[in-house]
Amino acid sequence: MSEKMIAVLPGDGIGPEVMAQTLRVLECVAPEVQTQHGLIGGAAYVEHATHFPDETKRLIDDADAVLFGSVGGPVEHSDQPKWRNCEVNSILALRNHLNLSVNYRPAKFYPALQNISPLKNSRLAGCDEILILRELLGDIYFGEKKTWHEQDNTYAQDTANYDAKLIEHMAHQAFQTAEKRSGKLTSVDKANVLDTSKLWRQVFDQVATDYPNVVLSHMLVDNCAMQLILNPAQFDVIATGNLFGDILSDAASALPGSLGMMPSASFSRDGKGLYEPSGGSAPDIAGQDKANPMAQLLSLAMLLRHSLNMNQQAEAIEHAIEETLNQGFRTADIMQDGCHLVGTTAFTNQIIQILMT
Ligand code: NAD
């Protein structure tokens, strides 16, 4: 088997801390996987006066997959050169560089953490994991934008664009994902109002004929936002456009209880994957061994499964995390009465201990 190489980009804030722990776990489950580190974000700016140096671009191009931490500094320091436009210049530039087309965000509900969810336990009954697929290349973020003044008023306009081929690619990804899970797919749009959504729905209906084992349903985005809170157990895979996906995936990621547990993956059309926690660099807790490493660890598990075909190792990590929670170990963000409060390192030690037995 040829050697696989992961580009590791820890970034700023809690990024390097949770990444260091994640690499200990990688060494434990898949020591044969090679890693090479690159600089990005403020950490890169200090060395190269740019947030996304050419060395890092070359590293990414040579890698089989990218494991990213987080970038950015304290919001109150965002006018300093090191932090100015840091997120745009690094993570958004990285997404452009890889031409990522679909983002996957699972929101997993752990029985041991039911009480930290903002939802009542009764609403969580039957919830396991909701996976939101968000299209990344079309919609209102990339259409024409303008602001203009006329007479005594100011106007602004953003244009949403979709085309059938872009939606078709997304729909195939969504159906194939649903086919490997429960066979249930909810496509979310605003087809009662928007032309882009009418096209979205039409293409999803056409593509559905290729996947007779998947049950497709359509839901309007406003109803979906409400249903995520009222009855999250009805969802398995949700597929939606760029704007709706941005909002719904953030809403869904709040439901299990902490941003520190939420991984994500994005894929380019040629299948290269970028894996990263859903949260940011958390400057408020950086350097204190307080960060929850779950989001980074679960991002690694997704990487092993989807980019390196190492399903068994991915499952081992996921199982060890769940066991650690069942044994009552908690970082501060998910702390509950009667549990053991531990730091980033001790939480990972526990995971490694389970993996070694
Ligand atoms: P944030 O996601 O960094 O933090 C929000 C809250 O969640 C904080 O209270 C933080 O302590 C907590 N949190 C996040 N991850 C956690 C973890 N693993 N364990 C425990 N708690 C965790 O968002 P913010 O404070 O708005 O932004 C901070 C910086 O991060 C900014 O510079 C912002 O631009 C950047 N940012 C980067 C990314 C990215 O790298 N993809 C995403 C969002 C924000």
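Residues numbered from 1 in each chain as written. Predicted model: local features only at pLDDT ≥ 70, side-chain atom pairs only at ≥ 80, totals over all residues. Heavy atoms only, no water.

A. Just the site of the ligand, in detail. In the vicinity of the ligand lie 20 residues, with G73, E87, G280, A282 and D284 positioned nearest. Contacts to the ligand include N292, whose backbone N or O atom sits 2.9 Å from a nitrogen atom. Coverage of the ligand by the protein amounts to 71% of the 810 Å² it exposes when considered alone. Split by residue class, the shell around the ligand holds 8 nonpolar, 8 polar and 4 charged. (Near = heavy atom within 4 Å. Polar contact = N/O pair within 3.5 Å; in protein donor to acceptor, adjacent residues only side chain to side chain. Areas by Shrake-Rupley, 256 points an atom, 1.4 Å probe, with all protein chains shown as cover. Nonpolar A, V, L, I, M, F, W, Y, C, P; charged D, E, K, R; others polar.)

B. Structural context of the packing of helix α6 (residues 164-180) against helix α7 (residues 195-208). Where α6 meets α7, the axes come as close as 9 Å, and the angle between the chain directions of the two elements is 50 degrees. If you check the angle between α6 and α7, you find them oblique. At the point where α6 passes α7, the crossing takes the right-handed sense. Taken together, the residues of α7 that come into contact with α6 (itself represented by A164, I167, E168, M170, A171, H172, A174 and F175) are T196, L199, W200, V203, F204, V207 and A208. Here the residues of the contact of α6 with α7 are counted per class, giving 12 nonpolar, 2 polar and 1 charged. (Axes fitted to C-alpha atoms, helices over the stretch in contact; angles between N-to-C directions. Helix = DSSP H or I, 4+ residues; strand = E, 2+ residues; numbered from the N terminus. Parallel < 35°, antiparallel > 145°, perpendicular 65-115°, else oblique. Left-handed = near helix turned anticlockwise from the far one by under 90°. Contact = heavy atoms within 4.5 Å.)

C. Structural view of the packing of aromatic side chains. Inspection of the entire model under this criterion finds 7 aromatic pairs. Seen from their ring centres, W200 and F204 are 5.0 Å apart, and the 20 degrees between their planes marks the pair as stacked. Pair noted here: W200 and F204 are both in helix α7, with a separation of 4 residues, about one helical turn. Here the two residues W200 and F204 agree in accessibility, since each one is buried. (Phe/Tyr/Trp six-rings, centres within 6.5 Å; stacked < 30°, edge-to-face > 60°. Buried < 20%, exposed > 50% of the residue type's maximum accessible area, 1.4 Å probe, protein only.)

D. Examining the side chain of S258 more closely. Inspection of the secondary structure assignment puts S258 in the loop between α9 (242-254) and β11 (263-268). Among the residues examined, S258 registers a relative accessible area of 9% and is labelled buried. Of the polar contacts made by the side chain of S258, one reaches the backbone nitrogen of G260; its length is 2.9 Å. Residues in contact with S258, not counting those within four places in the same chain, are S253, D333 and I334.

E. Geometry of the state of the cysteines. Summed over the entire model, instances satisfying the criterion amount to 0 disulfides. Residue C224 stays outside any disulfide, its sulfur separated by 13 Å from that of C127, the closest cysteine. (Disulfide = S-S within 2.5 Å.)

F. Layout of the packing of helix α11 (residues 311-326) against helix α12 (residues 344-356). The geometry of α11 relative to α12 is characterised by a closest axis approach of 9 Å and an angle of 120 degrees between their N-to-C directions. Between α11 and α12, the crossing angle belongs to the class labelled oblique. Viewed along their axes, α11 and α12 form a crossing whose handedness is right-handed. Within the contact between the two elements, α11 uses A316, I317, A320, I321, E323, T324 and L325 and α12 uses F347, Q350, I351, I354 and L355. Class assignment for the residues of the contact of α11 with α12 results in 9 nonpolar, 2 polar and 1 charged.

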